[in-house]
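Here are the chains, one letter per residue:
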Amino acid sequence: MFCSKKKLLEAERIVKANDREYNEKFQYADNCIHTSKYNLLTFLPINLFEQFQRVANAYFLFLLILQLIPEISSLTWFTTFVPLVLVITMTAVKDATDDYFRHKSDDQVNNRQSEVLIDGKLQNEKWMNVKVGDIIKLENNQFVAADLLLLSSSEPHGLCYIETAELDGETNLKVRHALSVTSELGADISRLAKFDGPDTKLMQNSGKTKFKRTSIDRLMNTLVLWIFGFLVCLGIILAIGNSIWENQVGDKFRAFVFWKEGEKNSVFSGFLTFWSYIIILNTVVPISLYVSVEVIRLGHSYFINWDRKMYYSLKATPAEARTTTLNEELGQINYVFSDKTGTLTQNIMTFKRCSINGRIYGEVHDDLGQKTDITKKKEPVDFSVNPQADRTFEFFDHRLMESIKLGDPKVHEFLRLLALCHTVMSEENSAGQLVYQVQSPDEGALVTAARNFGFIFKSRTPETITIEELGTLVTYQLLAFLDFNNIRKRMSVIVRNPEGQIKLYCKGADTILFEKLHPSNENLLTLTSDHLSEFAGEGLRTLAIAYRDLDDKYFKEWHKMLEDANTTTDERDERVAGLYEEIERDLMLLGATAVEDKLQEGVIETVTNLSLANIKIWVLTGDKQETAINIGYACNMLTDDMSDMFIIAGNTVAEVREEVRKAKENLFGQNRTFSNGHVVFEKKEQLEMNSVVQETVTGDYALVINGHSLAHALESDIKNDLLELACMCKTVVCCRVTPLQKAQVVELVKNHRNAVTLAIGDGANDVSMIKSAHIGVGISGQEGLQAVLASDYSFAQFRYLQRLLLVHGRWSYFRMCKFLCYFFYKNFAFTLVHFWFGFFCGFSAQTVYDQWFITLFNIVYTSLPVLAMGIFDQDVNDQNSMDYPQLYEPGQLNLLFNKRRFLICMAHGIYTSLALFFIPFGTFYNMAGEDGQHIADYQSFAVIIATSLVIVVSVQIALDTSYWTVINHVFIWGSIATYFSILFTMHSNGIFGIFPNQFPFVGNARHSLTQKCIWLVILLTTVASAMPVVAFRFLRVALFPTLSDQIRQWQKAQKKARPLHRRRPQTRRSSSRRSGYAFAHQEGYGELITSGKNMRAKNPPPASGLEKTLYNSTSWIENLCKKTTDTVSSFSQDKTVKL
Amino acid sequence: MKRTPQGCQSRLPDNTALKQQQLPAYRLQLSATGVLSGFFATGVFCLGVGIILILSAKSIKEIEINYTKICANCAKLRENAVDFDKECTCSIPFHIPETMQGNVYMYYKLYGFYQNLYGYILSRSNSQLLGTDVKDVGSCAPFRESHNGTPIAPCGAIANSIFNDTIILSYNLNSSIHIKVPMLRSGITWWTDKYVKFRNPSSNNLSSAFAGTTKPPYWPKPVYELDEEDPGNNGFINDDFIVWMRTAAFPTFKKLYRRLSRTQRFIEGLPAGNYSFNITYNFPVTRFRGEKSVVLSTLTWSGGRSLFLGLAYTVTGAVTWLATFSMMAAHLMLKERKMFFSQQ
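Note that the coordinates shown come from a computational prediction; the quantities given were computed from them, not determined experimentally. (Residues numbered from 1 in each chain as written. Chains lettered and ligands numbered in written order. Predicted model: local features only at pLDDT ≥ 70, side-chain atom pairs only at ≥ 80, totals over all residues. Heavy atoms only, no water.)

Tallying secondary structure elements over chain A gives 39 helices and 32 strands in all. By the burial criterion, 57% of the 1139 residues in chain A qualify as buried. Taking as baseline every contact in chain A between residues at least 6 positions apart, the subset at least 24 positions apart corresponds to 74%. (Helix = DSSP H or I, 4+ residues; strand = E, 2+ residues; numbered from the N terminus. Buried < 20%, exposed > 50% of the residue type's maximum accessible area, 1.4 Å probe, protein only. Contact = heavy atoms within 4.5 Å.)

As structure tokens, then:
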């Protein structure tokens, strides 16, 4: 037995099944999965190496080395060493924990059990020990942890149903077929291991995830570069100052105090000073910045994980922040790209309403006879009399049940049609319950509805369909199956009932079906048409239902022609289609069905709210255009009061270009009517010049584009035009797009607009999009994991997106910006004092503060309050954040932290450093203490400035903190207390006695801090630094209040009163548009049914067919594949009518 | 469908105030009344403190005599390092117009002496000064050891460059009677410096305790002979030495030299009259273009004379008030505007 498969590196792989010795020669990879990075031994070196690859860490290492050079060392080594070690340790601990979990999950996968044929016996073996070429026996519901070749299965014809959720996220069962040669080998599923471990499809596809960074990150890096530039400038100024000083004063003075060693070349001295000052001033970018940012993000991620309001109890799924480094980006989203199925919709279809013979069912009338919405309060129809009824099905109109009981023939015929005309397969599960295997959920809904109303589809063979009609079993002979395809947009069955009547049952898109009706249906048609419009207005998917009585002779003639057509080779499809067309006419209309493609809960509100927050939502779906538009209407993204909806469905580049051009003309043309001609002309010129246009277009527009056109557009120069057009539309729907195109669309917006994008999806087809967007969100709770695995955030319901963005994202952004502002301010204030001091100490790189203070300032004295603010601060509470989506806009416009803000923070820091230095300087320059002693000695001065600094920055954080929780109190007061206790400890006699050289400040705190004038200086410094801030803030709030300020004020006023719960009126859409045949239907299943290939062996196919089946067993798969591709290509011809 | 799978219940996040971000908190809000009254009060406080500080600074009597150039001949002599052992004295007569009431302090003040240079501040050995190991010259470069390798005690540039002028104040009753004003050299250092930071090596005889060390090159006498009058004031615990070792933060500084012993005639302070400073001019400031002066000053509750702090407080208070009024104006204007809007 040989098996080969093409692979990138090896052209061919020849494996002898069940021959380990032979296969070992090729040294294929084993089946052990390693996703972990380290083991115990390699952890330290690899991790350290990785960490020092980061620019920041390398920079600080460089500084540390500089500090070890005695000529330029101006700070002792521990000022950099202690924080660096702390930072590296924290990161290492985090990496180690991450890797530990990876080890655990690897172990779990590797230790799953499998049954392997070894030495002629089936033996239990761990998956990790499975080798290439092993034969494996799999049973139902077992995990597969390698790429396998199906040899045979217990199913007829070697069919096997697999779920590929872990591979592509799709949870529906896929059919795989064994080679006919091998299919008769065994009763159970047995498979041959083909690719193992790292070679498997999954591992090959997993790829290295791109490292995502937030825009704040990028800004921060730019700013850090700016700061380095600034630092170098300061260094140069001070170095020049030093050279001049050395030249003018220093040479004499040094000669006096240092003797010969004092003689230095002034230029060289300046050069050394430069480096010394680089070391001293490096605290402008403290090491703790990066760590603090990470800690804050981690905190925010935990808040997301902990949020009960994002916990989906039905699936027991909490929200999860899988990436902890992107949180603040959630507050800056401009574009949301959403998948449809499983994300916006539940992929659950429910039979909602129907119109039978001109009468609507499924509407609930209240006492006044007014139509009301179907609510849970109403009593659902009781199906308990029907033992076969599906318990989950609910219907609220009792009249339909009554009509059935009264024996209305049209109603019966309607339900019979639903039970007969479909591609559903039935099965009985172990409990004896009827279970339907549906290929399209729409059909499932219809068949289930019929089942509940007493027309139960029981079983089928290729020739018969058995249904139970109100308790009696009736078997219909299936004479022909007129399959669905995209051009026909309908399907029919021709059956002979036990009475011998031949009937054609047809269901399909109303637009198509209505043309095929018998003229006598005219009245019913108008009535049904009205009903259809009504259904469509509610966003339901509609189907028209019709039948035709056929007489025996006519059918036989037709059937013969069909068989002839089927046997011919040339133009077979055309001839068959013509025959189908021929028989599906003069239909008698029965009515229409309306199926709800159930939206996820709260989708409409979420979409509305996100739109109010100025977030543009694009739907990218693999579905058909009509389905997509339908959903667009259902979730209020498309409305009837939109000015226009552009549909781009061209087949060629030229067509697409023309359509885009027309759409743009339309867009700007209408604009032109609102403004002066020449102004618009100028505007248009600008438009063409500038690819990023912030144009306000009057009226709402929508754009619908299909995958084919998109492919053309993305590859050509239309790209920018399309993007421009799309960005001006309120809603963009891309349908029939491939996963790759989804990613391309995201990339397009990401690269050409300076915008932050978020992609949300649930399936494997969304993975590429999720990976390429700035932020990827996966819908979790489904069985497929791929989207979640690729995502940065995951939760169970689309509606949680609202909370994620408007509450968590906004807060994160708000907090991070405040944090950064404060952090830069703090360090400028802290560090620049050295600069001012340089002018008074001969530019000798003498620090102002004690070395210990420099070491501890950022990591002990001031880290916790700002962390607490960065983690806990809120401007407005979560409810108000949700109620006023406009609050989200500052994030999108980057208002809270940008270069301008940074410069303000910097100026603020510089101002504070000036106050910190010059107030004590002015005071003590020529002053004596209370005891007459010299007060401005270096050590006292250091203590005074350090104390003022700690108090000033604490006051500043107190002003910045807008949400004072207990934690903030503890941290702020605690930091000040810590400062004083450490100060007094380090200045105590005891510690000096032990380490006289390390702690020379003995007695300083005691002496300085008991002097009145020193406290007066500290007080004045604090007042002078805090007052301007308070004044500016007060004036800003008074003169230019932001929305946030107003809401805060309002919030405060409302604190006592009951919180007003704002309910936005639920806008009821009144849409006149119809869905076409918006079914998720695939062609080819008809053939599967009539050939009987997907049927169990217990319904044995006719003996005559067996040979044929075997012979054809691969060909039908090929057929199916071919048809599927045809389907896709046929869409391009599918000229869409503007609806 | 409705029931939650068993065992998964634990995935429901805890309903704690912390985890749900619902911690009870005070929302800081700058209210108009709070800010304005705060500003007003701060203004009052600053102005008050400022005026008090200015008034008390004005009450301080201070006399400063720069004697760099007055003793020109000595200055010239000291320019040349070779003549370091030649003694040079000069007398500077001056007049105190008003009695200096209360405690009077005498300072020496240096201009252009950078005690805050990075290398300078480091050039000392705290462990040596602690007396535990007199030969520990740690980071004292360039004055660690003498040419022959003997450790210097006290080592380092700070100790070496000690201010070594002697200043004697005499009260000239008339041209013939000169009374030496009694001065105390005690109490001019911090208690911690004198009793914790600076300790002599434990030994009966100081000179033997410093055996094996040599004096700093600029010093005429070894450390154990700094004070000939008071043997208890010798070695590392010499007050002048300790004062010098507490390095100044700025290149211009004044250090306490002596304080008036309020006895006899001087019980009230320094009476008005003619005085003179008799200075032994040793410290060669001209070699580094520095200057030196001697200062007599009284004190007030906040310490020595400094107008800066008082002025700074006054200015801050004034600015705060100005800000208060402009903010109030803005606030009232806005209030009117708001009411105007709400009426419409």
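Past the structure itself, the notes keep going.
Next up on the list: the sheet that holds strand 2 (residues 62–66) of chain B. Residue and element names in this part refer to chain B. Reading across from one edge, 2-12-5-9-8 is the order of the five strands in this open sheet, with antiparallel pairing throughout. Only two strands of the sheet have a single partner each, and these edge strands are strand 2 and strand 8 (183–184). Of the pairings in the sheet, the one linking strand 8 to strand 9 (residues 253–260) comprises two bridges and is antiparallel in character. Looking at the pairing, Met183 lines up with Leu260 of strand 9. (Pairing = 2+ DSSP bridges.)

Residues and elements named next belong to chain B. For chain B, the domain assignment lists domain 1 (36–60 + 303–315) and domain 2 (62–299). Computed over C-alpha atoms, the centres of domain 1 and domain 2 are 34 Å apart. The partner domain 2 presents four residues to the four residues of domain 1 that form the contact. Together, the buried faces of domain 1 and domain 2 total about 340 Å²; carbon and sulfur atoms form 56% of this surface. A per-residue breakdown of the area domain 1 buries against domain 2 is headed by Ile60, Gly303 and Arg305, which together make up 86% of the total. Where domain 1 meets domain 2, there are zero salt bridges. Where domain 1 meets domain 2, there are zero residue pairs in polar contact (both at pLDDT 80 or more). When grouped by side-chain class, the residues that make up the side of domain 1 that touches domain 2 number one nonpolar, two polar and one charged. (Domains from an automatic or database assignment. Buried area = accessible area lost by both parts, 1.4 Å probe. Salt bridge = Lys/Arg side-chain N within 4 Å of Asp/Glu carboxyl O. Polar contact = N/O pair within 3.5 Å; in protein donor to acceptor, adjacent residues only side chain to side chain. Nonpolar A, V, L, I, M, F, W, Y, C, P; charged D, E, K, R; others polar.)

Turning to empty space enclosed by the protein, a few remarks are in order. Applying the stated criterion to the full structure yields 14 cavities of 30 Å³ or more. Each pocket or cavity is described by its volume, and for the largest cavity that value is around 140 Å³. Residue lining of the largest cavity: 13 residues in total, with A:Thr79, A:Pro83, A:Thr283, A:Ile287 and A:Ile854 positioned closest to the centre. Sorting the residues of the lining of the largest cavity by element identifies helix 4 (78–110), helix 9 (287–306) and helix 27 (851–861) of chain A as the ones contributing at least two each. The element contributing the most residues to the lining of the largest cavity is helix 27 of chain A, with four residues. When the residues that make up the lining of the largest cavity are grouped by side-chain class, the tally is six nonpolar, seven polar and no charged. By volume, the second largest cavity amounts to about 80 Å³. What lines the second largest cavity is A:Gln933, A:His934, B:Ile188, B:Thr189, B:Trp190, B:Asp193, B:Val243, B:Arg246, B:Lys255 and B:Leu256. Grouping the constituent residues of the lining of the second largest cavity by class yields four nonpolar, three polar and three charged. (1 Å grid on protein atoms, 1.4 Å probe; cavity = no way out; pocket = protein on both sides within 12 Å on 5 of 7 lines; lining within 4 Å. Points joined across faces, edges and corners; volume = space filled by probe spheres on them.)

Let us now look at the confidence of the model for chain A. Detailed reading of the predicted model is not advised wherever pLDDT is low. Residues and elements named next belong to chain A. When pLDDT is averaged along chain A, the result is 80; 82% of the residues meet or exceed 70. Long-range and interchain partners of residues 1–8, a stretch whose pLDDT sits below 50, account for 24 contacts in this model, where long-range means more than four residues apart. A low-confidence stretch, residues 671–695 stays under pLDDT 50, and its non-local contacts, those more than four residues away or across chains, total 23 contacts. (pLDDT = per-residue confidence, 0-100.)

A few words now on the UniProt feature "domain: P-type ATPase C-terminal" (unreviewed entry) in chain A. Here the UniProt feature "domain: P-type ATPase C-terminal" (unreviewed entry) sits at residues 788–1042 of chain A. Secondary structure across residues 788–1042 of chain A divides into 71% helix and 2% strand, with the first and last C-alpha atoms of the span separated by 37 Å. (UniProt positions renumbered as here; feature names shortened; annotations may be inferred.)

Take the pattern of salt bridges next. Residue and element names in this part refer to chain A. One pass over the full model with this rule turns up 51 salt bridges over all chains. For Arg803, the salt bridge goes to Asp307, with nearest N and O atoms at 2.5 Å. Within this pair, whereas Arg803 is found in helix 26 (residues 800–838), its partner Asp307 is found in the loop between helix 9 and strand 10 (320–321), the two being separated by 496 residues in sequence. Summarising the burial analysis for this pair, Arg803 and Asp307 share the class buried. Residues participating in the shared-partner salt-bridge network are Glu413, Arg416, Glu469, Lys503 and Asp549.

For the rest of this paragraph, the subject is the UniProt feature "transmembrane region" (unreviewed entry) in chain B. Here, the residues flagged by UniProt with the feature "transmembrane region" (unreviewed entry) are residues 35–55 and 307–334 of chain B. The span residues 35–55 of chain B is 100% helix and 0% strand, and its two end C-alpha atoms sit 30 Å from each other.

So, about the state of the cysteines. Residues and elements named next belong to chain B. Under the counting rule described, the total for this entry stands at three disulfides over all chains. Put simply, Cys140 and Cys155 are joined by a disulfide, and their sulfur atoms are 1.8 Å apart. Residue Cys140 is located in the loop between helix 4 (126–129) and helix 5 (157–160), and its partner Cys155 is located in the loop between helix 4 and helix 5; the two are separated by 15 residues in the primary sequence. With a relative accessible area of 2%, Cys155 lands in the buried category. (Disulfide = S-S within 2.5 Å.)

That bond from B:Ala153 to B:Pro154 is cis: its omega, -10 degrees, falls within 30 degrees of zero. Tracing the chain through its elements places B:Pro154 in the loop between helix 4 and helix 5. The phi angle at A:Phe843 is positive, at roughly 50 degrees, despite the residue not being glycine. Inspection of the secondary structure puts A:Phe843 in the loop between helix 26 and helix 27. The exposure class assigned to A:Phe843 is buried, which follows from its relative accessible area of 9%.

Bringing the UniProt feature "domain: P-type ATPase N-terminal" (unreviewed entry) in chain A into the picture now. Residues given the UniProt feature "domain: P-type ATPase N-terminal" (unreviewed entry) here are residues 15–80 of chain A. Here residues 15–80 of chain A is 50% helix and 3% strand, with 59 Å between the C-alpha atoms at its ends.

What follows covers the pairing of strand 16 (residues 425–428) of chain A. Residues and elements named next belong to chain A. Alignment of strand 16 against strand 17 (residues 434–437), held across four bridges, turns out to be antiparallel. By the bridge assignment, Met425 is partnered in strand 17 with Gln437. Connecting strand 16 to the next strand, strand 17, in antiparallel fashion are five residues, including Gly432 with a positive phi near 80 degrees.

Any aromatic ring pair is given by two values, namely how distant the centres are and how the planes are angled relative to each other. Overall, the coordinates contain 97 aromatic pairs over all chains when judged by the stated rule. Consider the rings of A:Tyr59 and A:Phe228, whose centres lie 4.6 Å apart with planes at 45 degrees: the pair is tilted. Pair noted here: A:Tyr59 is in helix 3 (residues 55–68) and A:Phe228 is in helix 7 (residues 215–258), with a separation of 169 residues, a long-range link. Look at A:Phe921 and A:Tyr925: their rings are 5.0 Å apart centre to centre, the planes differ by 55 degrees, and that puts the pair in the tilted class. Lying across the ring of A:Tyr436, A:Arg451 places its NZ or CZ 5.0 Å from the centre. The ring of B:Tyr281 is capped by B:Lys292, whose NZ or CZ atom sits 3.5 Å from the centre of that ring. (Phe/Tyr/Trp six-rings, centres within 6.5 Å; stacked < 30°, edge-to-face > 60°. Lys NZ or Arg CZ within 6 Å of the ring centre and 35° of its normal.)

On to the interface of chain B and chain A. Each partner contributes residues to the interface: chain B has 96 residues there, and chain A has 106 residues. Counting the surface lost from both chain B and chain A, the interface buries some 8,900 Å², and carbon and sulfur atoms represent 64% of this. Area buried by chain B at its contact with chain A is led by B:Gln21, B:Arg27 and B:Phe250, which between them contribute 10% of it. Where chain B meets chain A, there are one salt bridge. Taking the shortest distance from any N to any O, the salt bridge between B:Arg246 and A:Asp937 comes out at 2.9 Å. For the pair chain B and chain A, the interface holds 34 residue pairs in polar contact (both at pLDDT 80 or more). Of all elements in the fold, only strand 1 (26–27), helix 1 (32–59), strand 5 (104–111), helix 3 (118–122), helix 4, helix 6 (191–197), strand 9 and helix 9 (307–343) of chain B reach the threshold of two or more residues within the side of chain B that touches chain A. It is helix 9 of chain B that contributes the most residues to the side of chain B that touches chain A, 10 residues altogether. For the side of chain B that touches chain A, the per-class residue count stands at 55 nonpolar, 28 polar and 13 charged. Alignment of strand 32 (residues 963–964) of chain A against strand 1 of chain B, held across two bridges, turns out to be antiparallel. The residue of strand 1 of chain B that forms the bridge with A:Tyr963 is B:Arg27.

Let's shift gears to the sheet that holds strand 6 (residues 166–172) of chain B. Residues and elements named next belong to chain B. Spatially, the four strands line up as an open sheet ordered 3-11-6-7, and their pairing is antiparallel. Both outer strands of the open sheet, strand 3 (89–96) and strand 7 (178–180), are each paired with one neighbouring strand and no more. Within the sheet, the average angular offset between the axes of one strand and its neighbour, ignoring direction, is 30 degrees. Sheet analysis places strand 6 next to strand 11 (residues 273–280), joined by seven bridges and oriented antiparallel. Note on strand 11: the bridge partner recorded for Thr166 is Thr280. (Axes fitted to C-alpha atoms, helices over the stretch in contact; angles between N-to-C directions.)

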